[in-house]
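Okay, here's what each chain looks like letter by letter:
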Amino acid sequence: MAEELTPETPEESAEEPVKQRKNSLYLGVSDELAENMKSGWADTELRDLEPIPQAAETAARRAALSARFPGERLVVPAGNLKTRSNDTDYPFRASVEYAYLTGNQTEDGVLVLEPVADGHRATVYLLPRSDRENGEFWLSGQGELWVGRRHSLNEAEKRCGIPAADVRELAGTLREATGPVRVVRGYDAGIEAALTDKVTGERDEELRVFLSEARLVKDDFEVGELQKAVDSTVRGFEDVVRVLDKAEATSERYIEGTFFLRARVEGNDIGYGTIAAAGPHACTLHWVRNDGPVRSGDLLLLDAGVETHTYYTADVTRTLPVNGRYTEVQKKVYDAVYEAQEAGIAAVKPGGKYRDFHDAAQRVLAEKLVEWGLVEGPVEQVLELGLQRRWTLHGTGHMLGMDVHDCAAARVESYVDGTLEPGMVLTVEPGLYFQADDLTVPEEYRGIGVRIEDDILVTADGNRNLSDGLPRRSDEVEAWMAGLKG
């Protein structure tokens, strides 16, 4: 990795000349070189840009936000780069709230809705292209020749369909602002500091909750993006099955890396840390270390999702026999989880309670545990006391969208105590986990963990399984794996 000449940021470079890096191999920049670098560059302004595909949807979302908070200034930051170590940064991902309302994904961006007589005037504040006059474009670590070209403000305006302005002037403007203001907190400390005497935690939380609940029902664009994410995820699972022999020769990391390749080729990234849990690691719900062995005869619990370029993620789990065939006890546990998932998916329908799919799946699992003699019945008492949770552990699903656990700030009455509507997308993912050290179950069960997870769209007349491209029934899984392995 090359070493840039200066640690200065674009914000600093707008106010003063770019400074010399402390340990640069160059002693400085001569006046002649500085002057030379200012000229001789072609005009690269992009003039025939089309709006982003979701421009109409983001405009409608801003209109709904405007109607909810009339007469108030609304500030929604994208966030800033975060340092990984010294002068290297983590890959940037804009805040969901900002990306949902603008479609823009660049660091330091801020959407401001300014109250006007008939609603709000939206402006997206962004960093312009890096400055060629003061040398920022080639001397700064965030300059164009180091990290790539930013869109100009005119280009960004054409793409997003929102007037664009220089974000480096925004903090001063906000300090002088009057009237009620709300800001989405936690993404941009500088913007929050500029508003520190104008906002309250309670009012800001109301804004965050509204934007979370607005995402409960997906529009057609969002459903299409989620289907893209799922389709890529299906191909990622197929990739993994084809290389299980290589994973056996190495570790769970081979599985993680194989799926990541698909995610980066077809999407933006993985939507969350891939869980590639083989053997008893499948009993650890969020096993993301992925450094364990992959052995023939064991199960592989693969929980993974591709994230699209617009940030919508799939979230799918399959539990696969590494050698392609379930043992008798593995199949017994797997089939019980499959039966529970079938009951859960059947309960997903418009007008139903959100909790219905969880209750339906948990009932099946409780019945199986009683039937197997692992817990004493009756089933109603097991469910009332939650005794099945020793082996089921987690809830049976969650909302899905731009976050893998989407709409998390929504009110309880709107989410888990709410009613399902067409356009909602949720996961149904029951599981059974028998820990390797659980002495309350027969030894043959210990170390077996099974989860089956699909992404379900609520439709006008029931539901649609977006991830039905992957088999679920145990015999179909075995046949599918055999076909992929040739």
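Rules used throughout
Residues numbered from 1 in each chain as written. Predicted model: local features only at pLDDT ≥ 70, side-chain atom pairs only at ≥ 80, totals over all residues. Heavy atoms only, no water. Helix = DSSP H or I, 4+ residues; strand = E, 2+ residues; numbered from the N terminus. Contact = heavy atoms within 4.5 Å. Areas by Shrake-Rupley, 256 points an atom, 1.4 Å probe, with all protein chains shown as cover. Lys, Arg positive; Asp, Glu negative; His and termini not counted. Charge placed at Lys NZ, Arg CZ, Asp CG, Glu CD. Salt bridge = Lys/Arg side-chain N within 4 Å of Asp/Glu carboxyl O. Axes fitted to C-alpha atoms, helices over the stretch in contact; angles between N-to-C directions. Left-handed = near helix turned anticlockwise from the far one by under 90°. Nonpolar A, V, L, I, M, F, W, Y, C, P; charged D, E, K, R; others polar. 1 Å grid on protein atoms, 1.4 Å probe; cavity = no way out; pocket = protein on both sides within 12 Å on 5 of 7 lines; lining within 4 Å. Points joined across faces, edges and corners; volume = space filled by probe spheres on them. Pairing = 2+ DSSP bridges. UniProt positions renumbered as here; feature names shortened; annotations may be inferred. Phe/Tyr/Trp six-rings, centres within 6.5 Å; stacked < 30°, edge-to-face > 60°. Buried < 20%, exposed > 50% of the residue type's maximum accessible area, 1.4 Å probe, protein only. Expected span 1.5 Å × (residues − 1). Polar contact = N/O pair within 3.5 Å; in protein donor to acceptor, adjacent residues only side chain to side chain. Parallel < 35°, antiparallel > 145°, perpendicular 65-115°, else oblique.

Novice: What am I meant to see in the overall build of the chain here?
Specialist: When helices and strands are counted, the chain shows 18 helices and 17 strands. Oriented by its inertia axes, the alpha-carbon framework of the chain measures out at about 80 × 55 × 40 Å. Considering only contacts in the chain between residues 6 or more positions apart, those separated by 24 or more positions represent 69%. As presented, the chain carries roughly 22300 Å² of accessible surface, and 49% of it is formed by carbon and sulfur atoms. Across the chain, the mean location of the 55 positive side-chain charges is 1 Å away from that of the 87 negative side-chain charges.

Novice: So what exactly am I meant to see when it comes to the pattern of salt bridges here?
Specialist: Where side chains of opposite charge bring their charged atoms close, a pairing between them can arise. Tallied over the full model, the rule gives 38 salt bridges. Linking Glu 342 and Arg 472 is a salt bridge whose minimum nitrogen-to-oxygen distance equals 2.7 Å. One end of the pair, Glu 342, is in helix 14 (residues 328-346); the other, Arg 472, is in the loop between strand 17 (462-465) and helix 18 (474-485), with 130 residues separating them in the sequence. Because the salt bridges share partners, they merge into one network encompassing Arg 235, Asp 239, Arg 242, Arg 262 and Glu 266.

Novice: What should I look at first to understand the packing of helix 11 (residues 220-242) against helix 13 (residues 252-266) in this one?
Specialist: Packed helix pairs are characterised by how far apart their axes lie and by the angle those axes make with each other. Between helix 11 and helix 13, the least distance of the axes is 9 Å, while the angle of their chain directions is 145°. Considering only the axes of helix 11 and helix 13, their crossing is right-handed. Taking contact as the criterion, the partners of Ser 232, Thr 233, Arg 235, Gly 236, Phe 237, Asp 239 and Val 240 in helix 11 are, on helix 13, Ile 255, Thr 258, Phe 259, Arg 262 and Glu 266. When grouped by side-chain class, the residues that make up the contact of helix 11 with helix 13 number four nonpolar, four polar and four charged.

Novice: Is there a simple way to explain empty space enclosed by the protein in this structure?
Specialist: Leftover empty space is mapped by rolling, across the atoms, a probe with the size of a water molecule. This structure, assessed with the given rule, holds one cavity of 30 Å³ or more. In this structure, the largest cavity is lined by Gln 54, Arg 61, Ala 99, Gly 103, Asn 104, Gln 105, Phe 221, Thr 310, Tyr 312 and Met 402. For the lining of the largest cavity, the residue count by class is four nonpolar, five polar and one charged.

Novice: Help me out: how do you make sense of the pairing of strand 17 in this one?
Specialist: Look at any regular strand and the pattern is simple: side chains alternate between the two faces of the sheet. Relative to strand 17, strand 16 (residues 454-459) runs antiparallel, the two sharing four bridges. Within the sheet, the bridge partner assigned to Val 458 lies in strand 17 and is Asn 463. Turn length for the strand 16-strand 17 hairpin, with the two strands adjacent in sequence and antiparallel, is two residues.

Novice: Honestly, the UniProt feature "domain: Aminopeptidase P N-terminal" (unreviewed entry) in the chain in this entry has me stumped. Any pointers?
Specialist: Those residues carrying the UniProt feature "domain: Aminopeptidase P N-terminal" (unreviewed entry) are residues 53-192 in this numbering. Note that residues 53-192 is 34% helix and 22% strand, and that its end C-alpha atoms are spaced 31 Å apart.

Novice: Whenever I open this one, the packing of aromatic side chains confuses me. Can you help?
Specialist: For any pair of aromatic rings, the description consists of the separation of the ring centres together with the inter-plane angle of the planes. For the coordinates displayed, the defined rule picks out eight aromatic pairs. Between Tyr 326 and Tyr 334, the ring centres sit 4.9 Å apart and the planes meet at 40°, which makes this aromatic pair tilted. Judged by relative accessible area, which is 8%, Tyr 326 ranks as buried. Ring centres of Tyr 354 and Phe 357 lie 5.2 Å apart, and the angle between their planes is 90°; on these two criteria the pair is classed as edge-to-face. Just as Tyr 354 is buried, Phe 357 falls in that class too.

Novice: Could you clarify how one ought to interpret the pairing of strand 1 (residues 73-77) in this entry?
Specialist: Among the five residues of strand 1, five are classified as buried, and the element is accordingly described as predominantly covered. Of the two faces of strand 1, the one holding Arg 73, Val 75 and Pro 77 and the one holding Leu 74 and Val 76 are both buried throughout. Here strand 1 pairs with strand 7 (residues 181-183) via three bridges, running parallel. The residue bridging Arg 73 from the neighbouring strand is Val 181, located in strand 7. Sheet topology places strand 1 next to strand 4 (residues 110-116); four bridges connect them, and they run antiparallel. If you follow Leu 74 over to strand 4, its bridge partner there is Leu 113.

Novice: Just to check I follow, could you spell out helix 11 for this structure?
Specialist: Since the α-helix packs 3.6 residues into each turn, any two residues three or four apart lie on the same face. Taking 1.5 Å as the rise per residue, helix 11 with 23 residues should run 33 Å; its terminal C-alpha atoms sit 34 Å apart, in good agreement. Structurally, the start of helix 11 carries an N-cap: the backbone nitrogen of Phe 221 is 3.1 Å from a side-chain oxygen of Asp 219.

Novice: Teacher, can you tell me more about the environment of Asp 87 here?
Specialist: Residue position: Asp 87 is located in the loop between strand 2 (83-85) and strand 3 (88-89). Overall, the relative accessible area of 30% leaves Asp 87 in the partly exposed class. Residues Asp 87 and Gly 141, spaced 54 residues apart in sequence, show a C-alpha to C-alpha distance of 8.4 Å.

Novice: I'm lost on the sheet that holds strand 1 in this one. Help?
Specialist: Strand pairing in a sheet relies on backbone hydrogen bonds, with the paired strands running either antiparallel or parallel. Here we have five strands laid out as an open sheet, ordered 6-5-4-1-7, and mixed in their pairing. The sheet terminates laterally at strand 6 (164-166) and strand 7, the two strands that pair on one side only. The average angle at which neighbouring strand axes cross in this sheet is 25°, direction not considered. Contacts from helix 7 (residues 153-160) reach strand 5 (119-126) and strand 6 within the one sheet, and its direction differs from that of strand 6 by about 150°. Sitting on the sheet, helix 10 (residues 201-213) is in contact with strand 1 and strand 7, with an inclination near 60° to strand 7.

Novice: I keep staring at the layout of surface pockets and nothing clicks. Help me out?
Specialist: A volume near 730 Å³ is recorded for the second largest pocket. For the lining of the second largest pocket, the secondary-structure elements that each account for two or more residues are helix 4 (96-102), helix 10 and strand 8 (269-270). Split by residue class, the lining of the second largest pocket holds 15 nonpolar, eight polar and 10 charged.

Novice: Can you walk me through the packing of helix 3 (residues 55-68) against helix 10 in this structure?
Specialist: Put simply, helix 3 and helix 10 touch, their axes get as near as 11 Å, and they point 140° apart. Looking at the two axes, helix 3 sits oblique to helix 10. Along this stretch, helix 3 crosses helix 10, giving a crossing that reads as right-handed. Counted together, Ala 64, Leu 65 and Arg 68 of helix 3 and Leu 207, Phe 210 and Leu 211 of helix 10 form the full contact between these two elements. Among the residues forming the contact of helix 3 with helix 10, the class breakdown is five nonpolar, no polar and one charged.

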